[in-house]
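What the coordinates show
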Amino acid sequence: MARMTMIEAVRSAMDVAMGRDDNVVVFGEDVGYFGGVFRCTQGLQAKYGKTRCFDAPISESGIVGTAIGMAAYGLKPCVEIQFADYMYPAYDQITQEAARIRYRSNGDFTCPIVLRMPTGGGIFGGQTHSQSPEALFTHVCGLKVVVPSNPYDAKGLLIASIEDPDPVMFLEPKRLYNGPFDGHHDRPVIPWSKHDLGEVPEGHYTIPIGKAEVRRKGSAVTVVAYGTMVHVALAAAEETGIDAEVIDLRSLLPLDLDAIVQSVEKTGRCVVVHEATLTSGFGGEIASLVQEHCFYHLEAPVVRVAGWDTPYPHAQEWDYFPGPARVGRALVEVMEA
Amino acid sequence: MSDPDRLSLHVPEPAVRPGGQPDFSNVKIPKAGSVPRPEIDVAPEEIRDLAYSIIRVLNRDGEAVGPWAGLLSDDELLAGLKHMMTLRAFDARMVMAQRQGKTSFYMQHLGEEAVSCAFRKALDKGDMNFPTYRQAGLLIADEYPMVEMMNQIFSNESDPLRGRQLPIMYSSKEHGFFTISGNLATQYVQAVGWAMASAIKNDTKIAAAWIGDGSTAESDFHSALVFASTYKAPVILNIVNNQWAISTFQGIARGGSGTFAARGLGFGIPALRVDGNDYLAVYAVAKWAAERARRNLGPTVIEYVTYRVGAHSTSDDPSAYRPKTESEAWPLGDPVLRLKKHLILRGAWSEERHTQAEAEIVDAVIQAQKQAEGHGTLHAGGRPSVRDIFEGVYAEMPPHIRRQRQKAGY
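Residues numbered from 1 in each chain as written. Chains lettered and ligands numbered in written order. Predicted model: local features only at pLDDT ≥ 70, side-chain atom pairs only at ≥ 80, totals over all residues. Heavy atoms only, no water.

**Some details on the confidence of the model for chain B**
- For chain B, the average pLDDT comes to 97, and 100% of its residues sit at 70 or higher.
- For this predicted complex, the interface confidence score (ipTM) comes to 0.97, while the overall pTM stands at 0.98. (pLDDT = per-residue confidence, 0-100.)

Spelled out as structure tokens, the structure:
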């Protein structure tokens, strides 16, 4: 075991995967010699050579399109989209190509690619470096969507994603790269070295895609969250004193519905939290599933806490980010309903 | 040029519209045999002229002339002729089948048969095409079974794609034919990725990308050229300029650029223009590009100058946007007739044998159709299962799709 930040864990996952399988290649903008703007690929080119880890032109549709072609050949590309906000030029390649190649060719061709992309706000990135576009992927059949919340999961899930036979969108909450950020932006950063889940095996292991994890056991209300919001929800539970059960989804597609249903049947209350905008967000899907499957166990309406339905602002970042105070108010509201 | 103080928008128009006299005076056609054949390791800047000319082998008299001639034997040319005739007969039967309601949709190749049929013969087993919807000659010329193609077109119980794909969107890894998307231009950059992978693995295989004149306007075309240029990918970047993108003439996508081939020059990629209705010229140029790719010299752009004689698809009526007689005025003639004439001139073929071959080919197509129809057509007979809707979205069916399949009763 070693102490790792989420950046180191992600890097270690690619290192392990590249070491085990010559067909794994890593490329993207600035990922080669320099090692990526967040340093996730640092050292990989030096270790595996520049035909296994290399810089790409600034063309997301080109990066994803070539990755799809490489996968059709038999490689397993793990590419970096520098920010999730930059994925839109590749959206056609992702949704109408990567996601459907297995289906439309009846398995004649497949598309085992991973698109890693830093997501979410909290670094004063403004509207083009802060987005959480996960719902734009969960709406696409044929994709898998993974959002880790800690170094241990990030490594195990990324290795599982690279080994997966289908395309995986791997969203890395960038505000979690260096520590378990709970939304208290005015407090000193807590490093991963002081957190249990910063303890990461150096070798190969996987975490199954499609399995959620309960981060806090509780009996009063179920909080469904993923990525950064897991830590925000944990903080809100402590600060309000409400005995919340916090579920970290880890994978949005496929979704661990059983874990949600089991918990809500126990608590009778549910709050869904995400940083992405509210309307047509993934929280709507969760809320709908909860009422379909747990209606007669519910004591109160399902409440959603999300980013406002506006672009991610720059200066007002902390008024936009759904921090522990907003999640806490939702917990109180759902308990009082 | 009315008011010098005001701007005006330039919207290109074709030379002529329905009711007018067909006019191809803007298509400059050099004499067959007049364009030089450079060495395959030539520097792209030394052959810029080739992006603006047209490489031709067959002259008006049916003779094969010039430096690009002499590559194919009688037998190879006869096989090529039969492939083109087969594709034409296949198209005619399938257009009819669509009219009879046996399938929803079809796209024919009339006038463009030489492009995909000749190109296929320049590739080796294991090479991969990333085609558009008008390159079925790649399959025909590789002896892919017609009945399999028809099973797909009819979406019947033996459809290799289980009814999921629009007719003619074939897929055959075995025959070097990447699954057709139906989307435009996406496959162009994928071909470059496939070629990069082959180079990464120090393999010997090459890729071929396909696109139409209209779709070169898509950003994926330009991304493909950047990636191909940067990594010197072993890929042939084919542009089939058949003059029409549904109802839009090629000038809308081409803009102020002289030719589509010339797009390659800015990327430092050798670019050649070839008579797309000349089987020998298509083969010779494709072979040149394939050798370049295989020798690790990188990509080549090829523009095939041809004409879409038929409608864009069975859902299209070209008389609404171009003169009905325009195809007859097309100055590069008909690919089947031109190769037939050449073979007769070589003493390898005759009118009688041609007529006989035509009958045999039509018979073979009809036999294949009977066999395919035995497995059903779109609205009658055997069809894929409803279960097939839910299979194959992922390697392993996730719980939510299983629940939906059960809800559908399967």
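**With respect to the packing of helix α4 (residues 91–98) of chain A against helix α5 (residues 186–200) of chain B**
- Orientation of α4 of chain A relative to α5 of chain B, taken along the N-to-C sense of each, is 90°, at an axis distance of 11 Å. In terms of their interaxial angle, α4 of chain A and α5 of chain B are classed as roughly perpendicular. Listed contacts from α5 of chain B to D92, Q93 and E97 of chain A of α4 of chain A are T186, V189 and Q190 of chain B.
- Residue classes in the contact of α4 of chain A with α5 of chain B are distributed as one nonpolar, three polar and two charged. (Axes fitted to C-alpha atoms, helices over the stretch in contact; angles between N-to-C directions. Helix = DSSP H or I, 4+ residues; strand = E, 2+ residues; numbered from the N terminus. Parallel < 35°, antiparallel > 145°, perpendicular 65-115°, else oblique. Contact = heavy atoms within 4.5 Å. Nonpolar A, V, L, I, M, F, W, Y, C, P; charged D, E, K, R; others polar.)

**Observations concerning the side chain of R326 of chain A**
Residues and elements named next belong to chain A.
- Relative to the helices and strands, R326 is located in helix α12 (residues 324–336).
- D319 provides the closest opposite charge to the buried, unpaired R326, separated from it by 7.5 Å.
- Discounting residues that sit within four places of it in the chain, R326 has contacts with V305, A306, G307, W308, D319, Y320 and F321. (Buried < 20%, exposed > 50% of the residue type's maximum accessible area, 1.4 Å probe, protein only. Lys, Arg positive; Asp, Glu negative; His and termini not counted. Salt bridge = Lys/Arg side-chain N within 4 Å of Asp/Glu carboxyl O.)

**Overview of the nonpolar core**
- Ranked by size, the top nonpolar core spans 93 residues in total, and within it L249 of chain A together with V235 and L237 of chain B carry the most contacts.
- Looking at which element gives the most residues to this core, the answer is α5 of chain B, with nine residues.
- With near-sequence residues (within four places) excluded, L237 of chain B lies in contact with Y188, V192, A209, L225, A228, I269, P299, T300, V301 and I302 of chain B.
- In terms of nonpolar packing, the next biggest core, distinct from the first, is built from 79 residues, L72, Y106, I236 and I361 of chain B among them. (Core = buried A, V, L, I, M, F, W, Y, C linked by side-chain atoms within 4.5 Å.)

**Things to note about the packing of helix α3 (residues 60–73) of chain A against α5 of chain B**
- The geometry of α3 of chain A relative to α5 of chain B is characterised by a closest axis approach of 6 Å and an angle of 55° between their N-to-C directions. If you check the angle between α3 of chain A and α5 of chain B, you find them oblique. Where α3 of chain A crosses over α5 of chain B, the handedness of that crossing is right-handed. Judged by residue contacts, S61, G62, G65, T66, I68, G69, M70, A72 and Y73 of chain A of α3 of chain A engage V189, Q190, V192, G193, W194, M196, A197, S198 and I200 of chain B from α5 of chain B.
- Split into classes, the residues belonging to the contact of α3 of chain A with α5 of chain B amount to ten nonpolar, eight polar and no charged. (Left-handed = near helix turned anticlockwise from the far one by under 90°.)

**Notes on the packing of aromatic side chains**
- Applying the stated criterion across every chain, the model contains 27 aromatic pairs over all chains.
- Measuring from ring centre to ring centre gives 4.9 Å for Y152 of chain A and Y205 of chain A, while their planes differ by 20°; the resulting arrangement is stacked. Placement of Y152 of chain A in helix α7 (residues 151–163) and of Y205 of chain A in the loop between β8 (199–200) and β9 (213–216) is noted, with a sequence separation of 53 residues between them.
- Note on Y205 of chain A: relative accessible area 10%, which makes it buried.
- Three or more aromatic residues link up through ring pairs in this structure, and these residues are F27 and F54 of chain A together with F227 and Y231 of chain B.
- Over the ring of F181 of chain A we find R175 of chain A, and its NZ or CZ is 3.7 Å from the ring centre. (Phe/Tyr/Trp six-rings, centres within 6.5 Å; stacked < 30°, edge-to-face > 60°. Lys NZ or Arg CZ within 6 Å of the ring centre and 35° of its normal.)

**A closer look at the interface of chain A and chain B**
- With 42 residues of chain A at the contact, the number on the chain B side is 43 residues.
- Both sides of the chain A and chain B interface together cover about 3500 Å² of buried area, and 61% of this is carbon and sulfur.
- The three residues of chain A that bury the most area against chain B are Y73, Y103 and R104 of chain A, which together make up 23% of that side's buried surface.
- Remark: the boundary between chain A and chain B carries zero salt bridges.
- Across the contact surface, chain A and chain B share 26 residue pairs in polar contact (both at pLDDT 80 or more). (Buried area = accessible area lost by both parts, 1.4 Å probe. Polar contact = N/O pair within 3.5 Å; in protein donor to acceptor, adjacent residues only side chain to side chain.)

**Points about the pattern of salt bridges**
- The final tally for this structure, using the stated rule, is 34 salt bridges over all chains.
- The shortest N-O distance in the salt bridge between E13 of chain B and R17 of chain B comes to 3.1 Å.
- Salt bridges sharing common partners tie together D153, E213, R215, D248 and R250 of chain A.

**Notes on the pairing of strand β3 (residues 235–241) of chain B**
All names here are of chain B.
- By the criterion of burial, β3 is predominantly enclosed, with seven of the seven residues buried.
- Neither face of β3 is exposed, since V235, L237, I239 and N241 on one face and I236, N238 and V240 on the opposite face are all buried.
- As paired strands, strand β2 (residues 207–212) and β3 are joined by six bridges and run parallel to one another. Within the sheet, the bridge partner assigned to I211 lies in β3 and is I239.
- In this fold, β2 hands off to helix α6 (residues 219–231), which returns the chain to β3; that crossover is right-handed.
- With six bridges joining them, β3 and strand β7 (residues 300–305) adopt parallel strand pairing. Bridged to I239 within β7 is E303. (Pairing = 2+ DSSP bridges. Right-handed = clockwise from strand over helix to strand, strands pointing away.)

**Some details on the side chain of Q93 of chain A**
- Position of Q93 of chain A relative to the elements: it lies in helix α4.
- Polar side-chain contacts of Q93 of chain A include one of 3.1 Å to the backbone oxygen of T186 of chain B.
- If we skip the residues at most four places from it in the chain, Q93 of chain A touches S61, V64, G65, I68 and A98 of chain A together with T186, V189, Q190 and D220 of chain B.

**Brief notes about the sheet that holds strand β10 (residues 221–225) of chain A**
Residue and element names in this part refer to chain A.
- In spatial order, the strands read β9-β11-β10-β13-β14; together these five strands make up an open sheet with mixed pairing. Strand pairing shows two members of the sheet lacking a second neighbour, β9 and β14 (303–307), which therefore form its edges. The sheet shows a mean angle of 25° between the axes of neighbouring strands, taken without regard to direction.
- Note that β9 and strand β11 (residues 244–248) share three bridges and pair antiparallel.

**Regarding the sheet that holds β3 of chain B**
Residue and element names in this part refer to chain B.
- Strand order in this open sheet of five strands is β1-β2-β3-β7-β6, and the pairing throughout is parallel. Of all the strands in the sheet, the pair left with one neighbour each is β1 (128–130) and β6 (271–275). Geometrically, the sheet is characterised by an average inter-axis angle of 20° between neighbouring strands, direction not taken into account.
- Sheet topology places β1 next to β2; three bridges connect them, and they run parallel. Looking at β2, one finds that N129 is bridged to A208.
- The strands touched by helix α8 (residues 279–294) within the sheet are β3, β6 and β7, with β7 carrying the most contacts at an inclination of about 170°.

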